[in-house]
Amino acid sequence: MSTATATHDQHDHHPTGITRWLFTTNHKDIGTLYLWFSFIMLLTGGAMAMVIRAELLYPGMQVVDPNFFNMMTTMHGLIMVFGAIMPATVGLANWLIPMMIGAPDMALPRMNNWSFWILPFAALMLVAPMFMGGNFSSGQGPAFGWTFYQPLSGQYDKLAFFIFAVHLLGLSSIMGSINIIATILNMRAPGMTLMKMPLFVWTWLITAFLLIAVMPVLAGAVTMMLTDKYFGTSFFHAAGGGDPVLFQHVFWFFGHPEVYIMILPAFGIVSQIIPTFSRKPLFGYASMVYATAAIAFLSFIVWAHHMFTVGMPVAGELYFMYATVMIAVPTAVKVFNWTATMWKGSLTFETPMLWAVAFVFLFTIGGFTGLMLGVAPADFQYHDTYFVVAHFHYVLVTGALFAIIAAVYYWLPKWTGHMYDEKLAKIHFWVSAISVNVLFFPQHFLGLAGMPRRIPDYAVQFADWNFVSSIGGFVFGLSQILFLFIVIKTIRGGAKATDRVWDSADGLEWTVPSPAPYHTFETAPEIK
Amino acid sequence: MSAIQTINKKLVGFFCLALLAGPTSAWADYALNMTKGVTKISEEVYDLHMLVLIICTVVGIGVFGVIIYSLINHRKSKGAVAAQFHESTTVEVIWTTIPLVILILIAIPATGTLLKIEDSSDADVTIKVTGWQWKWQYDYLDENVSFFSSLSEASNKARQRDSGINVYDVKHYLLSVNEPIVVPVNKKVRILTTSNDVIHAWWVPALGLKRDAIPGYINESWFKAEKTGTYRGQCAELCGKDHGFMPIVVEVVDQDKYKQWVVAKQEQAIAEAAASGKAMSKSELMARGEKVYKGNCMACHQDKGQGLPPMFPALAGSKIATGPVKAHMDIVIHGKPGTAMQAFAQQLNDADLAAVITYERNSWGNSAGMVQPSDVKAAR
Amino acid sequence: MVQAQGSYYLPKPSYWPLVGSIGLFLTLGGFAYALVNKTDAGMGNMTAMYVGMAVIVFMLFGWFGTVIRESQAGKFNDQVDVTFRMAMAWFIFSEVMFFAAFFGALFYARQLSVPWLGGAGNNAMTNELLYPGYTAAWPTNGPGEVGGKFETIGAWGIPFYNTLILLSSGVTVTWAHWGLKKGNRAQLILGLLATVVLGFTFLGFQAHEYFEAYTHYNLKLTSGIYGSTFFMLTGFHGLHVTLGATMLTVILIRCIKGHFTAKHHFAFEAVAWYWHFVDVVWLGLFIFVYWL
Ligand code: HEA
Ligand code: HEA
Ligand code: CUA
Ligand SMILES: [Cu+2]
């Protein structure tokens, strides 16, 4: 185990102004950048979701044209996945991992800066085509779904911008992940053995591994798209001996692990928060670690459950069905462990705990529908309907996003030194938790009743639930504005937070002052 | 109906629904659940769906029950003191094993159903279904019947943005076509899906059948409808701009009716072929061309030929539509690979093609001469 | 894990990453612009791309220069060294996965899609209705005979020599490493020089092979799935060899300047690892692309 003490070229150097953010090598600054970036993206992607829900409020076309609608769906999915959820968890990793393991900073601070600063440029490249030439309202941007299936995406005339945006996103993620792995494996304070690491650190270690394994595969997929479109190759064309379905295999080899990339850090967050407010150690720490690893492993071998209807040989369908439903086992372990942690605890319900408990309930519902989707014959009916949309919003919004919001409330006092406004925060929670169910629960009914996804208009028998869903969506959207307000208010002032903040919070980050000083753990703490 | 009125109607509907939510019969209208459908397979799939749903509900009630119990009884405000246990191998083993067993129980019937779904041997009727942006082509391979099926005109008009048409007044809004497919009841119908451009998916919930239509490959699937009637579905794979507007209508009829229908279709085809060779006057061409244009081209090039640039070029004033007629015929007949502009050689006969090309060359300010069916024939 | 002596070096704020991001944005955005505006006459305007590439080169010199100076100043303790090693190892792993995508495409085409087009598995109707008369075989340019008839490049000519070249270059770089560890400068420089020469010889052969393929065999990037996988895999590999050989050259220069000590030479090792990785990928290529 290594002793990590740090030197700086200029000691106590605390840069200011814009260059502080542009050139920073400080993990806290970079974490902050990531978090703000993701918040802006959440609002952008959310605004697009509002356009979607506005068009779907009533049957008939009222707000936008079909192609614009498809563009909204596509950009919403892409921005939420690559712009909001992933950078948010990376931001949390930046802020928290060094503090949790007693390191002075990330292992490669300059590269850390680069990982972040590639992102805004990638985002720019992704959205720029929306505004290029022609009229904006006919939808110039990508409009082929966030899964950009070939050959539809091959028809898109500005495809190259999209492809290189994905390359940049991948580059950023890979560098970020390398940094996180090196930090966790090489920068732990003496005595911090692997099995003593906070679960958030563990989940991120495994997530980073997943990222390094699958982002390059996505890069390979878009590279083949690039040569198919511009240089005459035939990877995805039957006439030349290729297969459009090959694209789907490569995409989902990335895409399925990707969904766990979004949820594993969320598992980590919840595993930090629930013990704190239960005043009881996490139940089954070791099994949590093994379950995370098992989920990561399984995530590599189930990808084709997104493709049950493409006409795979039946042996393939059977295999992917069996493998898929297996994921319920390690996930069950996690859910049961959280339950057992709360059991016979001494519970209080500060805002972070509320979000965490809502996570456990609602993520589980999303997991259940995932299990249903995994049953191949039934998936023939569910596939590409709103049932799938309902499934993944339960795991992504009430799963990943709820956990991220929980994390923000949980660590915000540590970051800013101020307590957030508990009353407003509770309002934020209750409005969100109720409206999100009004928003997404009816989508199960819509899907089962036969409403396909990615359509701008629908038959009238779907009208009622779409109306309900849209209303829920608007309320949920507005309540996130409240969140923005609460965060800004906390940054600007509020009751002083104590160092430990929560009376039974456990972990190194709670041993440093609030707000956490610019440099922490320049001399490594000793872990017993 | 004003927006407020509509909202009120909706809200009333919603509250009524909430009140009626108890008895299952009231749910039927609102279709909260998967359809049982009209085939053995769709019924099996429904049962499988219900099985997993019920298992999940039971497990959910169990898990949530425990959590809720803790939330209520183990709270600090009630004086609960935290226990400090944090491990138990026995418990962990139990709650790893139980889900595993449940999953195996689910997998067994699922495997059986899947094997049946994938067995398309010994079919009575074979229909090749080809997806096009944005319509379906049906070829009855043994009967020599072939036609295109696209969104009905009434729906198509109503779905234009701000069309001013109340979609509630349109019968089967978005789920009706100009020409449904007709199949015999109680016969095994094999569906061969493929596509001409991008991936589509042919889905009719009541038949329990959804299968992707992949360009360059053919997927096999089948159904055997056990009840006559009209069953509706939609394209279920994002296929571009009008993905939401390529419905499927299947009419399941008894054997005799089916036979009659086949004969009628065959005779119709012969008559059309005979008619399409003749020379036509300009007004004839223009009238027919307008119809063909509305049915086939307007989706992309728009009603006034203005297109949706840069994705879909304008035809009004276009170099091709006002330039040499050869290039114009070429792009319409053979399409342009790699773009959404498809080859219309198969979809339209000589007369239709001549008409639509003439129409394009003489509308929206264009004025570039006419084309006769014989010209098209030569250019094919 | 090593015991740190001293303390972990944390660099001060730096503008190189931002410069790098701008460079990447200009390069890729410029390339995208050129592609999107591509016509039969050629690519669109590529100015932005060239500017971007210049910015990247500038950034590389600046950034690596800084790192080298820091290294020379002895700021990197053993713990930093471990970080570098981990980073390089995981970077190579990511490259492995990148190649895996293309190898996956190759295997998929050979084992699945081409046989399916020929009617294998559940695709009898695909062949019967869409491609009557097409029989699956490898190599193929598909039922559409995309790109016209072509011949393939035999394994036992240039590719075999190239295998020998790369394998021996793996030996020479290791030999150079021994020299470095023993403090034998002559062995170090000679070994490295040989490696660089072998690397560029490999590239020369490959360029020749491509030339032959295009002019005599009608084997092109556009030759259906065979041409696609062939040029994608070998080309992507060739790109890596180019990168590796360039890095070796830089290392060679640094060795001549005497930058490395027997104990402290991570940059050397990183490039050597990279070289071995490129080597191993080539073996996969040789077996699956040329030979089998
Ligand atoms: C965070 C993201 C996330 C997570 C965690 C999951 C989790 C799971 N998902 Fe989901 N999924 C998505 C994101 C996610 N998914 C997205 C984005 C899509 C759509 C992509 C697109 O097409 O655009 C999708 C689509 C998708 C499909 C394809 C549907 C289709 O298009 O036809 C399938 C099919 O198998 C599936 C399955 C599963 C399964 C089995 C899990 C499992 O991991 C769930 C396991 C959890 C539980 C089961 C609950 C906890 C368990 C218990 C309490 C006890 C045990 C219970 C029993 C034994 C009953 N998902
Ligand atoms: C990763 C995370 C993520 C998140 C957080 C969300 C959040 C939301 N999603 Fe989305 N969604 C996806 C990932 C996500 N989604 C993906 C991957 C797809 C598939 C795309 C595809 O098919 O290709 C999808 C698709 C998708 C669809 C289906 C579209 C279609 O098939 O055509 C719908 C429809 O209702 C929807 C709705 C919403 C809504 C209402 C929210 C809300 O939770 C958003 C709430 C947030 C805000 C609203 C922001 C804050 C508010 C403002 C900026 C002010 C404006 C507010 C008002 C005017 C009220 N999403
Ligand atoms: Cu055709 Cu969607
Ligand atoms: Cu998945």
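About the thresholds
- Each chain has its residues counted from 1, following the order in which its sequence is written.
- Whichever chain is written first is A, and whichever ligand is written first is 1; the rest continue in order.
- Totals for whole chains, interfaces and linings use all residues, but because this is a predicted model, local features are given only for residues with pLDDT of at least 70 and pairs of side-chain atoms are given and counted only at 80 or more.
- Side-chain measures here rest on the full set of heavy atoms in the structure, leaving out hydrogens and waters.
- In this text, helices come from DSSP runs of H or I with a minimum length of four residues, and strands from runs of E with a minimum of two, each type numbered from the N-terminal end.
- This radius of gyration counts C-alpha atoms alone. The globule rule is 2.2 Å times how many residues there are, raised to the power 0.38.
- Here's how the labels work: a residue is buried when its accessible area is under 20% of the maximum for its type, exposed when over 50%, partly exposed in between, all with a 1.4 Å probe on protein chains only.
- We call two residues in contact whenever any of their non-hydrogen atoms come within 4.5 Å of each other.
- At least two DSSP bridges between two strands are required for those strands to pair.
- Helix axes use the C-alpha atoms of the stretch in contact, all axes being lines fitted to C-alpha atoms, and the angles between their N-to-C directions lie in the range 0 to 180 degrees.
- Buried area: the sum, over both parts, of the accessible surface (1.4 Å probe) that disappears when the two are put together.
- The term polar contact refers here to a pair of N or O atoms within 3.5 Å; inside protein, the definition further demands a hydrogen-donor-capable atom paired with an acceptor-capable atom, and it admits residues adjacent in sequence only when both atoms are side-chain atoms.
- For this scheme, ten residues count as nonpolar: Ala, Val, Leu, Ile, Met, Phe, Trp, Tyr, Cys and Pro. Four count as charged, namely Asp, Glu, Lys and Arg, and the remainder, Gly too, count as polar.
- Any N, O or S atom lying within 2.8 Å of the metal counts as a donor, and for Na, K and Ca the limit rises to 3.2 Å; water is left out, so some sites can look incomplete.
- What makes a residue near a molecule or strand is one non-hydrogen atom of that residue sitting within 4 Å of it.
- One speaks of a salt bridge when a side-chain nitrogen belonging to Lys or Arg is within 4 Å of a carboxyl oxygen belonging to Asp or Glu.
- The start and end points of each domain follow an automatic or database-based domain assignment.
- Note that patches include only residues with greater than 30% relative accessible area and no salt bridge, and the join distances are 9 Å for like charges and 5 Å for nonpolar side chains (Val, Leu, Ile, Met, Phe, Trp, Tyr).
- Throughout, the Shrake-Rupley method with a 1.4 Å probe supplies accessible areas, and for residues the shown protein chains are the sole cover considered.
- Should an angle fall under 35 degrees it is taken as roughly parallel, and over 145 as roughly antiparallel, whereas 65 to 115 is taken as roughly perpendicular and any remaining angle as oblique.
- Crossings are assigned a handedness: left-handed for a near helix turned anticlockwise from the far helix by less than a right angle, right-handed for a clockwise turn.
- In this description, the term disulfide denotes a pair of cysteine sulfurs within 2.5 Å.

Some details on the overall build of chain A
Here is step 1: A tally of regular secondary structure across chain A gives 15 helices and 1 strand.
Here is step 2: Since a compact globule built from 528 residues should have a radius of gyration of about 24 Å, the 23 Å found for chain A is in line with a globular shape.
Here is step 3: Looking at chain A as a whole, 76% of its 528 residues qualify as buried.
Here is step 4: In chain A, of all internal contacts separated by at least 6 residues, the share reaching a separation of at least 24 is 83%.

So, the sheet that holds strand β4 (residues 181–184) of chain B
Residues and elements named next belong to chain B.
Here is step 1: With mixed pairing, the 5 strands of this open sheet are ordered in space as β4-β10-β9-β6-β7. Two strands lie at the open edges of the sheet, namely β4 and β7 (209–213), each paired on one side alone. Looking at each pair of strands side by side, their axes are set apart by 25° on average, direction ignored.
Here is step 2: Bridging between β4 and strand β10 (residues 247–253) involves 4 bridges; their strand directions are parallel. Pairing of Val182 across the sheet is with Glu251, part of β10.
Here is step 3: Sitting on the sheet, helix α6 (residues 255–275) is in contact with β4 and β10, with an inclination near 140° to β4.

Here's the deal with the interface of chain C and chain A
Here is step 1: Each partner contributes to the interface: chain C provides 70 residues, whereas chain A provides 76 residues.
Here is step 2: In this assembly, chain C packs against chain A so that about 6,300 Å² is buried in total across both faces, 71% of it on carbon and sulfur atoms.
Here is step 3: At the boundary of chain C and chain A, one finds 18 residue pairs in polar contact (both at pLDDT 80 or more).
Here is step 4: Of all elements in the fold, only β1 (8–10), α1 (16–36), α2 (47–72), α3 (78–117) and α7 (224–256) of chain C reach the threshold of two or more residues within the side of chain C that touches chain A.
Here is step 5: For the side of chain C that touches chain A, the leading source of residues is α3 of chain C, giving 20 residues.
Here is step 6: Here the side of chain C that touches chain A is composed, by residue class, of 45 nonpolar, 20 polar and 5 charged.

Section: the coordination of the iron atom of ligand 1
Residues and elements named next belong to chain A.
Here is step 1: Counting protein donors to the iron atom of ligand 1 gives just one, His391 (NE2), placed at 2.2 Å.
Here is step 2: Taken as a pair, the iron atom of ligand 1 and the copper ion (ligand 4) lie 4.5 Å from each other.
Here is step 3: In this fold, His391 is placed in helix α13 (residues 386–416).

Here we look at the site of ligand 2
Residues and elements named next belong to chain A.
Here is step 1: Taken together, 35 residues form the shell around ligand 2, and within it Arg53, His76, Trp146, His393 and Arg454 come nearest.
Here is step 2: His76 is positioned with one of its side-chain polar atoms (N or O) 2.8 Å from a nitrogen atom of ligand 2.
Here is step 3: Between ligand 2 and the protein, one listed contact pairs an oxygen atom with a side-chain N or O atom of Arg453 at 3.1 Å.
Here is step 4: Listed by contribution, the elements that provide at least two residues to the shell around ligand 2 are α2 (27–56), α3 (66–101), α13, α14 (422–449) and α15 (463–492).

Quick word on the site of ligand 1
Here is step 1: In the vicinity of ligand 1 lie 32 residues, with Trp146, Tyr260, Asp379, His383 and His391 of chain A positioned nearest.
Here is step 2: Those chains with residues close to ligand 1 are chains A and B.
Here is step 3: Taking Gly374 of chain A, its main chain carries an N or O atom lying 3.2 Å from an oxygen atom of ligand 1.
Here is step 4: For the shell around ligand 1, the elements supplying multiple residues, two or more each, are α7 (244–278), α10 (328–342), α11 (351–374) and α13 of chain A.

Brief notes about the interface of chain B and chain A
Here is step 1: At the interface, 100 residues of chain B touch 108 residues of chain A.
Here is step 2: Interface area, chain B with chain A, both sides summed: about 8,800 Å², of which 69% is carbon and sulfur.
Here is step 3: Ranking the residues of chain B by area buried against chain A places Trp95, Arg161 and Leu238 of chain B at the top, with a combined share of 8%.
Here is step 4: Inspection of the chain B/chain A interface yields 2 salt bridges.
Here is step 5: The partner of Arg161 of chain B in a salt bridge is Asp65 of chain A, with the nearest N and O atoms 3.5 Å apart.
Here is step 6: At the level of secondary structure, the elements contributing two or more residues to the side of chain B that touches chain A comprise α1 (3–20), α3 (40–73), α4 (89–117), β7 and β9 (229–235) of chain B.
Here is step 7: Residue contributions to the side of chain B that touches chain A peak at 16 residues, all from α3 of chain B.
Here is step 8: Taken together, the residues that form the side of chain B that touches chain A break down as 59 nonpolar, 25 polar and 16 charged.

Some remarks on the domain arrangement of chain C
Here is step 1: Under the domain assignment, chain C is made up of domain 1 (1–75) and domain 2 (77–291).
Here is step 2: Between domain 1 of chain C and domain 2 of chain C, the C-alpha centre-to-centre distance is 24 Å.

Comments concerning a nonpolar patch on the surface
Here is step 1: Residues Met326 of chain A together with Leu100, Val101, Ile104, Leu105 and Ile108 of chain B make up a contiguous nonpolar surface patch of roughly 530 Å² in combined accessible area.
Here is step 2: A per-element tally of the nonpolar patch places α4 of chain B first, with 5 residues.
Here is step 3: Relative to the helices and strands, Ile104 of chain B is located in helix α4.
Here is step 4: Residue Ile104 of chain B is classed as partly exposed on the basis of its relative accessible area of 49%.

What to know about the pairing of strand β2 (residues 135–140) of chain B
Residues and elements named next belong to chain B.
Here is step 1: Across the 6 residues of β2, 6 count as buried, placing the element largely inside the fold.
Here is step 2: Burial along β2 is two-sided: the residues Lys135, Gln137 and Asp139 and Trp136, Tyr138 and Tyr140 are all buried.
Here is step 3: In this structure, strand β1 (residues 125–132) lies alongside β2, joined through 6 bridges in antiparallel fashion. In the strand pairing of β2, Ile127 is matched with Tyr140.
Here is step 4: As consecutive antiparallel partners, β1 and β2 are separated by 2 residues.
Here is step 5: Pairing analysis gives 5 bridges linking β2 to strand β3 (residues 145–149), with the strands arranged antiparallel. From the neighbouring strand, Trp136 faces β3, where its bridge partner is Ser149.

Some words on the packing of helix α6 (residues 199–230) of chain A against α7 of chain A
Residue and element names in this part refer to chain A.
Here is step 1: At a minimum axis separation of 8 Å, α6 and α7 run at an interaxial angle of 160°. Here α7 runs roughly antiparallel to α6, going by the angle between their axes. For the pair α6 and α7, the sense of crossing is left-handed.
Here is step 2: For the contact of α6 with α7, the residue count by class is 25 nonpolar, 5 polar and 1 charged.

Looking at the sheet that holds β3 of chain B
All names here are of chain B.
Here is step 1: Taking strand neighbours across the sheet as the criterion, the 5 strands line up as β3-β2-β1-β5-β8 in an open arrangement whose pairing is mixed. Looking at strand neighbours, the two that pair on one side only are β3 and β8 (219–223), the edges of this open sheet. Averaged over all pairs of adjacent strands, the angle between strand axes in this sheet comes to 25°, irrespective of strand direction.
Here is step 2: Where β1 lies against strand β5 (residues 189–195), 7 bridges are found, and the strand directions are parallel. Its bridge partner being in β5, Gly131 is matched across the sheet by Ser195.
Here is step 3: Relative to the sheet, α6 contacts β1, β2 and β3, its axis offset from that of β3 by approximately 85°.

Observations concerning the packing of α7 of chain A against α11 of chain A
Residue and element names in this part refer to chain A.
Here is step 1: At a closest axis distance of 9 Å, the pairing of α7 and α11 adopts a crossing angle of 125°. Considered as vectors, α7 and α11 are oriented oblique to each other. The two elements α7 and α11 cross, and the hand of that crossing is left-handed. On α11, the residues touching Ile263, Ala266, Phe267, Val270, Ile273, Ile274, Phe277 and Ser278 of α7 are Pro352, Met353, Ala356, Phe359, Val360 and Phe363.
Here is step 2: Of the residues belonging to the contact of α7 with α11, the class tally is 13 nonpolar, 1 polar and no charged.

Description of the state of the cysteines
Think of a disulfide as a covalent bridge from one cysteine sulfur atom to another cysteine sulfur atom.
Here is step 1: Evaluation of the coordinates by the stated rule reveals 0 disulfides over all chains.
Here is step 2: Here Cys300 of chain B stays free of any disulfide, with the sulfur of Cys297 of chain B as its closest cysteine sulfur at 8.7 Å.

Quick notes on the environment of Ala321 of chain B
Residues and elements named next belong to chain B.
Here is step 1: Looking at the secondary structure, you find Ala321 in helix α8 (residues 319–322).
Here is step 2: Sequence separation between Ala321 and Ser150 is 171 residues; the distance between their C-alpha atoms is 25 Å.
Here is step 3: Leave out the neighbours within four places in its chain, and Ala321 touches Leu315, His328, Arg361, Asn366 and Ala368.

Some thoughts on unusual backbone geometry
Here is step 1: Here Ser514 of chain A and Pro515 of chain A are connected by a cis peptide whose omega angle stands at -10°.
Here is step 2: Within the secondary structure layout, Pro515 of chain A lies in the segment after α15.
Here is step 3: The step from Gln133 of chain B to Trp134 of chain B runs through a cis peptide bond, and the omega angle for that step is 0°.
Here is step 4: Of note, Trp134 of chain B is situated in the loop between β1 and β2.
Here is step 5: Even without being glycine, Lys344 of chain A reaches a positive phi, approximately 60°.
Here is step 6: Residue position: Lys344 of chain A is located in the loop between α10 and α11.
Here is step 7: Lys344 of chain A sits in the partly exposed class, given a relative accessible area of 42%.
Here is step 8: Unusually for a residue other than glycine, Asn218 of chain C sits at a positive phi of about 55°.
Here is step 9: With respect to the helices and strands, Asn218 of chain C occurs in the loop between α6 (185–215) and α7.
Here is step 10: Residue Asn218 of chain C is classed as partly exposed on the basis of its relative accessible area of 26%.

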